[in-house]
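# An overview of the molecular structure
Read off the chains here:
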Amino acid sequence: MLTQQPQIVDEIWPEVQLHGRTGRLNCTVVRLNQNVVTWYHVNFRQTISVGETIEVMKNEVIGGLKKYEVQRKKLGDRDTFMLIIRRLRQEDAGYYKCTVRIQAVNNDLWPTKLGQLTVQASPKIRISGTTTVLQAHRGHNSSLQCSATGIPYPNITWVRLDGGLLPVLPTPVAQFRSERLPLVNVDIQHMGIYRCVADNFIKPPAEHLSQLLVFHAPRTRVVQNSVGQAQNRRFSAKLECIVQGHPEPTVTWERVINNGRVRITDNQKFDINKQTKDLQNLMAMESWYSLKIINVQANDYTTYYCIAENNFGRANSTFVLFETTECQGANCPSLPPSAATSTFSINPVFLFPLFISIEVLLL
């Protein structure tokens, strides 16, 4: 009778494993007798095993063990066929079908159950769907995108690299969870680097840096607007100018000569430089420029200008170089040890009362 035919008696419990680990699916059959149990990969439409024999043509050996193996355990009239899949890859994930092939019975009546194998994977950023550089106009709305893959699907969290608040509505926040970071009423203070972090609790999380640039006219500020230095002693003076703007401004220097402004060029007298190191005093998208005046002379004492210009406008900052009697600045020479040490002498006349006092105490 049909009730005496083999049956799959237990559910095939879902298996969840990390990438690279080993997955196991159990199929338990009663009254198997001379019939055969098979495992079949539904997604690949491929038979993996018939009984304990692996049917996959390429059953590679990994670390001394084969990729696929079926272990049979018998307990009374129950037979459990455990499908073992080693060194799990993403393509191993999916549904596996356990079937009991009953002799002389139409295959439509063969007992069948499905088991699911999930292969967990750490997050990865999808560059094709992720913003690397975004250029926006002031006052406009825009957004940054961060797309990731991973199993389970990762959460995406945005933060600003400088620790500032994210310009979202209704209230700016320190963190924002979404693939899309909406930027509302973009302004200059929003420029900078934004980090998206994809995390599904499978280590390591993935992250990506997105840069927001806002078109605007240059801004300039000075480190010190007046600088002093002694003349005719081979000392140098440095004027430092911090510039911001997008597109990146062109920076030039000028000085006042005979009530007129004259362009300064990089030569033996003037050294014009742009700092390339990250400096803590810089805000987002600022650059540090310097003008070094070598071997300061009397005719170098005047007003200097740092000028920044791009398609959206022009800005400048003013410096005054004035005369001092001593060297000023970080590059001044150190005093020799003889000059740094104070010397003194004692007149023997003052020692005579001291000798008398000592003799009286000894008595």
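From a predicted model like this one, the values you see are computed outputs, not experimental measurements.

## Re the pairing of strand β11 (residues 94-101)
In this sheet, β11 lies alongside strand β4 (residues 36-41) in antiparallel orientation, the contact comprising six bridges. What sits directly across from H41, in β11, is Y96. Relative to strand β12 (residues 112-125), β11 runs antiparallel, the two being bridged by six bridges. Directly across from Y96, in β12, lies its bridge partner G115.

## Things to note about the confidence of the model for the protein
Per-residue confidence for the protein gives a mean pLDDT of 89; residues scoring 70 or more make up 90%. With pLDDT under 50 throughout, residues 338-363 is counted as low confidence; its partners more than four residues away or in other chains account for one contact.

## Remarks on unusual backbone geometry
Here the bond from L169 into P170 is cis, since omega is 0°, no more than 30 degrees from zero. Here P170 lies in the loop between β16 (155-160) and β17 (176-177). You will see that R45, though not glycine, has its phi angle at about 55°, which is positive. Phi angles above zero are rare outside glycine, and R87 is one such case at about 45°. Along the chain, the position of R87 falls in the loop between β10 (78-85) and β11. R87 sits in the partly exposed class, given a relative accessible area of 45%.

## Considering the sheet that holds β10
Pairing within the open sheet is antiparallel, and its four strands lie in the order β1-β3-β10-β9. Edge positions in the sheet fall to β1 (7-8) and β9 (68-75), since each of these pairs with one other strand and no more. Taken together, the two bridges between β1 and strand β3 (residues 23-30) define a ladder with antiparallel strand orientation. Along β3, the bridge assignment pairs I8 with V29.

## Side note on the state of the cysteines
Think of a disulfide as a covalent bridge from one cysteine sulfur atom to another cysteine sulfur atom. For the coordinates displayed, the defined rule picks out four disulfides. Two residues share a disulfide in this structure: C241 and C306, whose sulfurs sit 2.1 Å from each other. On the sign convention where negative means left-handed, the S-S torsion of about -75° between C241 and C306 marks this disulfide as left-handed. Taken together, the residues C241 in strand β22 (residues 237-246) and C306 in strand β27 (residues 303-310) connect sequence positions 65 residues apart. In terms of burial, C241 and C306 fall into one category: buried. Covalent S-S linkage joins C327 and C332, the inter-sulfur distance amounting to 2.0 Å. Of note, the bridge from C327 to C332 carries an S-S torsion of about -90° and is left-handed in sense. With a relative accessible area of 19%, C327 lands in the buried category. Cysteine pairing in the protein follows 1-2, 3-4, 5-6, 7-8, where each cysteine in a disulfide is numbered by its order in the sequence.

## Topic: the nonpolar core
If you look at the biggest cluster of nonpolar residues, it comprises 22 residues, and the most contacted ones within it are W39 and Y96. Taken together, the elements giving at least two residues each to this core come down to β3, β4, β9, β10, β11 and β12. Apart from the residues lying within four places of it in its own chain, the contact partners of Y96 are L25, W39, Y40, H41, V42, I48, L83, I85, K113, L114, G115 and L117. In terms of nonpolar packing, the next biggest core, distinct from the first, is built from 21 residues, I156, L181, V186 and M191 among them.

## Description of the sheet that holds strand β21 (residues 226-229)
In sheet architecture, strand pairing relies on hydrogen bonds along the backbone and comes in two forms, parallel and antiparallel. Read across the sheet, five strands follow the order β21-β28-β27-β23-β24 without closing on themselves; strand pairing throughout is mixed. The outermost strands of the open sheet, each flanked by one partner alone, are β21 and β24 (260-263). Ignoring strand direction, the axes of neighbouring strands in this sheet form an average angle of 30°. Taken together, the four bridges between strand β23 (residues 250-257) and β24 define a ladder with antiparallel strand orientation. Directly across from R255, in β24, lies its bridge partner V262.

## Considerations on the side chain of T302
Note that T302 resides in the loop between β26 (286-293) and β27. Under the relative-accessibility criterion, T302 is labelled buried at 15%. Side-chain polar atoms of T302 contact the backbone oxygen of V256, separated by 2.8 Å.

## Observations regarding a nonpolar patch on the surface
Judged by side-chain polarity, V42, Y95 and L114 come together as a nonpolar surface patch covering roughly 260 Å² of accessible area. Along the chain, the position of L114 falls in strand β12.

## Description of the packing of aromatic side chains
Tallied over the full model, the rule gives two aromatic pairs. Ring geometry for W253 and F319: centres 5.7 Å apart, planes at 35°, overall tilted. Of this pair, W253 sits in strand β23 while F319 sits in strand β28 (residues 313-323), and the two are 66 residues apart along the sequence. Of the two residues, W253 and F319, neither departs from the other in class, the shared state being buried.

Criteria and thresholds
- One numbering rule holds for all chains: residues counted from 1, following each sequence as written.
- Side-chain atom pairs in this predicted model are given and counted only at pLDDT of 80 or more, local residue features only at pLDDT of at least 70, and totals for whole chains, interfaces and linings cover all residues.
- As a rule here, side-chain values come from all non-hydrogen atoms in the structure, and water together with hydrogens is ignored.
- DSSP bridges decide pairing: two strands pair if at least two such bridges lie between them.
- Secondary structure elements are taken from DSSP: a helix is a run of H or I of four residues or more, a strand is a run of E of two residues or more, and numbering for both begins at the N terminus.
- Confidence of the predictor at the level of single residues is captured by pLDDT, which takes values from 0 to 100.
- Contacts between residues were defined by any pair of non-hydrogen atoms, one from each residue, lying within 4.5 Å.
- Each residue is placed in one exposure class: buried if its accessible area under a 1.4 Å probe, protein chains only, is under 20% of its type's maximum, exposed if it is over 50%, and partly exposed if it falls in between.
- Defined by distance alone, a disulfide is two cysteine sulfur atoms within 2.5 Å.
- In these notes, a set of buried Ala, Val, Leu, Ile, Met, Phe, Trp, Tyr and Cys residues joined through side-chain atoms within 4.5 Å is what counts as a nonpolar core.
- Between N-to-C directions, angles cover 0 to 180 degrees, with each direction set by a line fitted to C-alpha atoms, over the stretch in contact for helices.
- A 3.5 Å cut-off defines polar contacts: any pair of N or O atoms within that distance qualifies, except that in protein one atom must be a possible hydrogen donor and the other a possible acceptor, and neighbouring residues in sequence count only when both atoms are side-chain atoms.
- Patch members must show over 30% relative accessible area and no salt bridge, and they are joined within 9 Å when carrying like charges or within 5 Å when they are nonpolar side chains of Val, Leu, Ile, Met, Phe, Trp or Tyr.
- The Shrake-Rupley method, run with a 1.4 Å probe, gives the accessible areas here. Residue values count only the displayed protein chains as cover.
- Between Lys or Arg on one side and Asp or Glu on the other, a salt bridge is scored when a side-chain nitrogen of the former is within 4 Å of a carboxyl oxygen of the latter.
- Two rings from Phe, Tyr or Trp (for Trp, the six-membered ring) form a pair when their centres are within 6.5 Å of each other. A pair whose planes differ by under 30 degrees is stacked, one over 60 is edge-to-face, and the rest are tilted.

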